[in-house]
Amino acid sequence: MDTEKELPALPKSLKVCLVATLALLIALLLINQPLKTGSALQGIVSFQLAGNAEQALAILQSWGNEGLQWAKLSLWADFLFIPVYCLTLILLTRHCTLDRPGVRERTAARWIRTLFVGAALADVTENVLLLNNLEPPTDAISLAAAISALAKFTALTLGIAGLVIVRAARRHPLAPG
């Protein structure tokens, strides 16, 4: 007899959050298309990672006035995306650890959720800095925005990796005692 448990179906709240996250991500990707230039090969991401005023200014000049409007739209839309992706990742963490009752798994899940919240906070900080760096860019704000972006990407990567590790830690869920 197979005693392996399976995760229950995705809860409605997680499904709604996943759809909203995907829709906003697609919108941000579409908004980013006009921002891809020779100076900003990755669009807004290039601006996020511009570590000095010279790089940031080159990107802004490559965008022109129309591109600047797309950049502002991207940053403001990202403010909506941040809480949605953060909530989605927290709900996903909760769902993926339902059958992981061990102390290590619960502790890991807390750290994973903390990483996702940290990523969201770094993202908000980054957006505020980038909005303030649109005209004229400065070295201090460019560097602070790049550090915030790197903190965000690192926290998201570590959180997702942690979630994969928690899921893979036991090939089979714990059997009922």
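Residues numbered from 1 in each chain as written. Predicted model: local features only at pLDDT ≥ 70, side-chain atom pairs only at ≥ 80, totals over all residues. Heavy atoms only, no water.

Peer 1: Can you explain the packing of helix 3 (residues 53–96) against helix 5 (residues 139–168)? Please cite residues and give values.
Peer 2: The contact between helix 3 and helix 5 brings their axes to 13 Å, and the two run at 30°. By the angle between their axes, helix 3 is roughly parallel relative to helix 5. Relative to helix 5, the crossing made by helix 3 is left-handed. Counted together, Ala-53, Glu-54, Ala-56, Tyr-85, Leu-89, Leu-92, Thr-93 and Cys-96 of helix 3 and Asp-139, Ser-142, Lys-152, Leu-156, Leu-163 and Arg-167 of helix 5 form the full contact between these two elements. (Axes fitted to C-alpha atoms, helices over the stretch in contact; angles between N-to-C directions. Helix = DSSP H or I, 4+ residues; strand = E, 2+ residues; numbered from the N terminus. Parallel < 35°, antiparallel > 145°, perpendicular 65-115°, else oblique. Left-handed = near helix turned anticlockwise from the far one by under 90°. Contact = heavy atoms within 4.5 Å.)

Peer 1: Can you break down the layout of surface pockets residue by residue, with the values?
Peer 2: Taken as a whole, the largest pocket encloses approximately 500 Å³ of empty space. Around the largest pocket, the lining comprises 23 residues; the ones closest to its centre are Leu-25, Leu-28, Asp-78, Phe-81 and Lys-152. Among the secondary structure elements, those contributing two or more residues to the lining of the largest pocket are helix 1 (12–32), helix 2 (44–48), helix 3 and helix 5. Residue classes in the lining of the largest pocket are distributed as 13 nonpolar, six polar and four charged. (1 Å grid on protein atoms, 1.4 Å probe; cavity = no way out; pocket = protein on both sides within 12 Å on 5 of 7 lines; lining within 4 Å. Points joined across faces, edges and corners; volume = space filled by probe spheres on them. Nonpolar A, V, L, I, M, F, W, Y, C, P; charged D, E, K, R; others polar.)

Peer 1: So, the side chain of Glu-126: which residues are in play, and what are the values?
Peer 2: You can see Glu-126 is positioned in helix 4 (residues 103–132). Overall, Glu-126 belongs to the buried group, its relative accessible area being 0%. Here Lys-152 takes part through its side chain, which lies 3.1 Å from a polar atom of the side chain of Glu-126. When neighbours within four sequence positions are excluded, Glu-126 is seen to be in contact with Gln-48, Ala-145, Ser-148, Ala-149 and Lys-152. (Buried < 20%, exposed > 50% of the residue type's maximum accessible area, 1.4 Å probe, protein only. Polar contact = N/O pair within 3.5 Å; in protein donor to acceptor, adjacent residues only side chain to side chain.)

Peer 1: Please set out the packing of aromatic side chains residue by residue, giving values where relevant.
Peer 2: Within the structure shown, the criterion is met by three aromatic pairs. On the basis of an interplanar angle of 45° and a centroid distance of 5.3 Å, the ring pair of Trp-76 and Phe-79 is categorised as tilted. Taken as a pair, Trp-76 and Phe-79 lie in helix 3 at a separation of three residues, close to a single helical turn. In this structure Phe-79 comes out as partly exposed when scored by relative accessible area, which is 25%. (Phe/Tyr/Trp six-rings, centres within 6.5 Å; stacked < 30°, edge-to-face > 60°.)

Peer 1: Give a description of helix 4 that names residues and reports values.
Peer 2: Compared with an ideal rise of 1.5 Å per residue, which puts 30 residues at 44 Å, helix 4 spans 44 Å between its outermost C-alpha atoms and is within 8% of the ideal. For helix 4, every residue scored as buried is listed here: Glu-105, Ala-109, Ile-112, Phe-116, Ala-119, Ala-120, Ala-122, Asp-123, Glu-126, Asn-127, Leu-129 and Leu-130. On its buried side, helix 4 packs onto helix 2, helix 3 and helix 5. (Expected span 1.5 Å × (residues − 1).)

Peer 1: Before we move on, could you go through the environment of Ile-44 and cite the residues and values that matter?
Peer 2: Note on placement: Ile-44 falls in helix 2. A relative accessible area of 8% means that Ile-44 is categorised as buried. Residues Ile-44 and Leu-91, spaced 47 residues apart in sequence, show a C-alpha to C-alpha distance of 28 Å. The contacts of Ile-44, once residues within four sequence positions are left out, are Asn-32, Leu-35, Trp-63, Ala-71, Ser-74 and Leu-75.

Peer 1: How would you sum up the environment of Cys-17? Please name residues and give values.
Peer 2: Inspection of the secondary structure assignment puts Cys-17 in helix 1. Using a relative accessible area of 11% as the deciding quantity, one classes Cys-17 as buried. As for Cys-17 and Thr-88, which are separated by 71 residues in sequence, their C-alpha atoms are 5.3 Å apart. If near-sequence neighbours (up to four positions away) are discounted, Cys-17 is found in contact with Val-84, Leu-87, Thr-88 and Leu-91.

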